[in-house]
Amino acid sequence: TQTRVRLVDFELGVGLVLALTVSLYVGNALKDLVCAPRPLAMTTRGEGDEGEEDGSGSSKTRRLPKICLLTADSSGASEAKSLLEYGFPSSHVMNSLVLSLHAVECCRERFPAWPLFSTSSFSVSVAAARAVAVLWTLLVALARVACGMHTPVDVAGGLLSGFLVVAALALEDVGGGAGGGLSLDAGYVAWLASRGPAAAALHTLATALLLRLHPLPLKYTTSFEATTAIAGACAGVALGVSLGGGSHPLLPLSPSSLSSSFAPFTPFAALRRVVAGLALVALVKEVSKRAVLSLVPLPYRALPLRLRRLWQPPVRSLSRNERMERLGIPVDADGRPWDEVLTANFFGYASLGWAVAGLAPAGFQAAG
């Protein structure tokens, strides 16, 4: 029972990390599988467009109006970067729906004593919270269509995919037991805490396999890079949870879940944790970035080329590197092999996830 109470501290945060990871992977995999261009990419024309003849027989250039996104970047770099991804389904819509609606479901299951869910009209409160989540997602969907980044089909695909992910994560009766079944993400957290580092290792292997199964798009997109980053962060969180065994003294989200071993909540204590946690994560980020960029290339360069060619990420080359082309290894814009860059990216973000879910809680506990 004590372990179960302490796991409540983690279930909401880790559940949302897992939900975002699943949503981003599914959405980006569908994008690179379908390869449907964004409407802005199909309508914007440049200087070399073919014109139409006017009445005098001379050619007159016709240009469609330039569509600018509402960003602070006046150079157009944000638009250019956005166009590097395909359009179907809309990741903004899908992730907005998954995170907001899944958060409502997490709070409904784990914190029924909260004022939002403790009124006599319990079902009305839950329905209202769900309605707000869906309304927010619809506003995001309208914005994505209005700025020319997605078609109505794209946002409809994002809505449908998002609902499917939420439904999968909300499946009950995972784990069972006297206390009733758990939802999929709660069962996942309990499994990590009970199995220890072996569960984190299995999680990482499963993640590597899913990343390898990601579709290869027709042209270069940034989708796989984003998926690798969030998958690495989730793997780091899994490591932190598994090493802690569910005993991390994170600030509980409900006063009723406070254990007698926890210090009483004060705003100053919360502020100290935020400041100390952000400083620790920033330090880990700088150290890990330098470490992975130096260490990751070493084992790759020691591998036989035939073996290395079998494990190439589904990313297109961004520059010419004749030696790597002969070896069948794609490279990034700086000519660096993508397998080295993305592996370093994965472990760099994994260190951040571990710092948040493992190192920081351990530091808080050591500091009392």
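Reading the values: rules and limits
- Residues numbered from 1 in each chain as written.
- Predicted model: local features only at pLDDT ≥ 70, side-chain atom pairs only at ≥ 80, totals over all residues.
- Heavy atoms only, no water.
- Phe/Tyr/Trp six-rings, centres within 6.5 Å; stacked < 30°, edge-to-face > 60°.
- Helix = DSSP H or I, 4+ residues; strand = E, 2+ residues; numbered from the N terminus.
- Buried < 20%, exposed > 50% of the residue type's maximum accessible area, 1.4 Å probe, protein only.
- Lys NZ or Arg CZ within 6 Å of the ring centre and 35° of its normal.
- Expected span 1.5 Å × (residues − 1).
- Contact = heavy atoms within 4.5 Å.
- Bend = angle between axes of the 7 residues up to and from the residue.
- Polar contact = N/O pair within 3.5 Å; in protein donor to acceptor, adjacent residues only side chain to side chain.
- Salt bridge = Lys/Arg side-chain N within 4 Å of Asp/Glu carboxyl O.
- Axes fitted to C-alpha atoms, helices over the stretch in contact; angles between N-to-C directions.
- Parallel < 35°, antiparallel > 145°, perpendicular 65-115°, else oblique.
- Left-handed = near helix turned anticlockwise from the far one by under 90°.
- Nonpolar A, V, L, I, M, F, W, Y, C, P; charged D, E, K, R; others polar.

Draft legend 1. Representation of the packing of aromatic side chains in the model. Counted according to the given criterion, the structure contains two aromatic pairs. For the ring pair Tyr-220 and Trp-338, a centre distance of 6.0 Å and an interplane angle of 15° mean the geometry is stacked. Here Tyr-220, found in the loop between α8 (197-212) and α9 (223-244), pairs with Trp-338, found in helix α14 (residues 338-366); they are 118 residues apart in sequence, far enough to count as distant. Comparing Tyr-220 with Trp-338, the two get one shared label, buried. Summarising the aromatic geometry, the rings of Phe-346 and Phe-347 are spaced 5.4 Å apart at their centres and angled 85° between planes, so their arrangement reads as edge-to-face. Using a relative accessible area of 9% as the deciding quantity, one classes Phe-346 as buried. Across from the ring centre of Trp-311, 6.0 Å away, lies the NZ or CZ of Arg-212, which sits over that ring.

Draft legend 2. The arrangement of helix α10 (residues 267-295) in detail. For α10, spanning 29 residues, the distance from its first C-alpha to its last is 41 Å, which sits close to the expected 42 Å at 1.5 Å a residue. Elements that come into contact with the buried residues of α10 comprise α11 (297-302) and α14.

Draft legend 3. Structural view of α14. With 29 residues, α14 should reach 42 Å at 1.5 Å per residue; the first-to-last C-alpha distance of 40 Å fits that figure. Largest kink in α14: about 50°, centred on Ala-355. Just downstream of α14, Gly-368 is the residue with a positive phi angle, here 75°.

Draft legend 4. Region of the structure containing the side chain of His-150. Within the secondary structure, His-150 is located in the loop between α5 (122-146) and α6 (152-169). A polar contact is formed between the side chain of His-150 and the side chain of Arg-38, at a distance of 3.2 Å. Residues within four places of His-150 in sequence aside, it is in contact with Arg-38, Pro-39, Gly-87, Pro-89, Ser-90, Arg-144, Val-145 and Val-155.

Draft legend 5. A look at the side chain of Ser-90. Mapped onto the elements of the fold, Ser-90 is located in the loop between α3 (77-82) and α4 (91-110). According to the relative accessible area criterion, Ser-90 is buried, its value standing at 0%. Within the local environment of Ser-90, its side chain forms a polar contact with the side chain of His-150, the two groups lying 3.4 Å apart. In contact with Ser-90, not counting residues within four places along its chain, are Arg-144, His-150, Asp-154, Val-155 and Gly-158.

Draft legend 6. Main features of unusual backbone geometry. For the bond from Phe-88 to Pro-89, the omega torsion is -5°, close enough to zero to count as cis. Position of Pro-89 among the secondary structure elements: in the loop between α3 and α4.

Draft legend 7. Structural view of the pattern of salt bridges. Considering all chains together, one arrives at seven salt bridges under this definition. A salt bridge links Glu-85 to Arg-38, with the nearest nitrogen and oxygen atoms 3.4 Å apart. Separated by 47 residues along the polypeptide, Glu-85 in the loop between α3 and α4 and Arg-38 in the loop between α1 (2-34) and α2 (39-43) bring together distant segments of the chain. Accessibility assignment for this pair places Glu-85 and Arg-38 in one class, buried.

Draft legend 8. The arrangement of the packing of α9 against α14 in detail. Packing of α9 against α14 brings their axes to within 6 Å, and their N-to-C directions diverge by 40°. Regarding the angle of α9 to α14, the classification is oblique. Viewed along their axes, α9 and α14 form a crossing whose handedness is right-handed. Considered class by class, the residues forming the contact of α9 with α14 number 16 nonpolar, seven polar and one charged.

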